[in-house]
Amino acid sequence: MNINNNTFLKTEEEKLRSLIADEAKLLPMLNNMEQTIRQMKAKQAFRIALLNQLLEEHYDKYAGN
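Residues numbered from 1 in each chain as written. Predicted model: local features only at pLDDT ≥ 70, side-chain atom pairs only at ≥ 80, totals over all residues. Heavy atoms only, no water.

Turning our attention to the overall build of the chain. Counting secondary structure elements, the chain contains one helix and zero strands. The proportion of buried residues among the 65 residues of the chain is 2%. Total accessible area on the chain is roughly 6,600 Å²; 60% of this is exposed by carbon and sulfur atoms. (Helix = DSSP H or I, 4+ residues; strand = E, 2+ residues; numbered from the N terminus. Buried < 20%, exposed > 50% of the residue type's maximum accessible area, 1.4 Å probe, protein only. Areas by Shrake-Rupley, 256 points an atom, 1.4 Å probe, with all protein chains shown as cover.)

Next comes the structure, spelled out in structure tokens:
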């Protein structure tokens, strides 16, 4: 059986178009991931600042006594 006669195989042009379309879909997904990571970093920085503030207040409260 000759592989080129299989109906499920695409032409070279179709394969290239399919790969290009897949790559084009990847760009917005990566942009969304980048935005999500930035948001997570900002949230983490806020949480660390809040924890530091609470720790300092706790230390000041008990160190002063």
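Judged by side-chain polarity, Leu 26, Leu 27, Met 29, Leu 30 and Met 33 come together as a nonpolar surface patch covering roughly 450 Å² of accessible area. Mapped onto the fold, Met 29 is located in helix H1 (residues 12-63). (Patch = residues over 30% accessible without salt bridge, like charges linked within 9 Å, V, L, I, M, F, W, Y side chains within 5 Å. Salt bridge = Lys/Arg side-chain N within 4 Å of Asp/Glu carboxyl O.)

In total, this model carries three salt bridges according to the counting rule given. With a closest N to O distance of 3.7 Å, Lys 15 and Glu 12 form a salt bridge. Here the residue Lys 15 and the residue Glu 12 both occupy positions in helix H1, the gap between them amounting to three residues, near one helical turn. Residue Lys 15 is classed as partly exposed on the basis of its relative accessible area of 34%. With its nearest N and O atoms 2.8 Å apart, the salt bridge here joins Arg 17 to Glu 13. Here Arg 17 and its partner Glu 13 are both found in helix H1, four residues apart, which amounts to about one turn of the helix. What makes Arg 17 exposed here is its relative accessible area of 57%.

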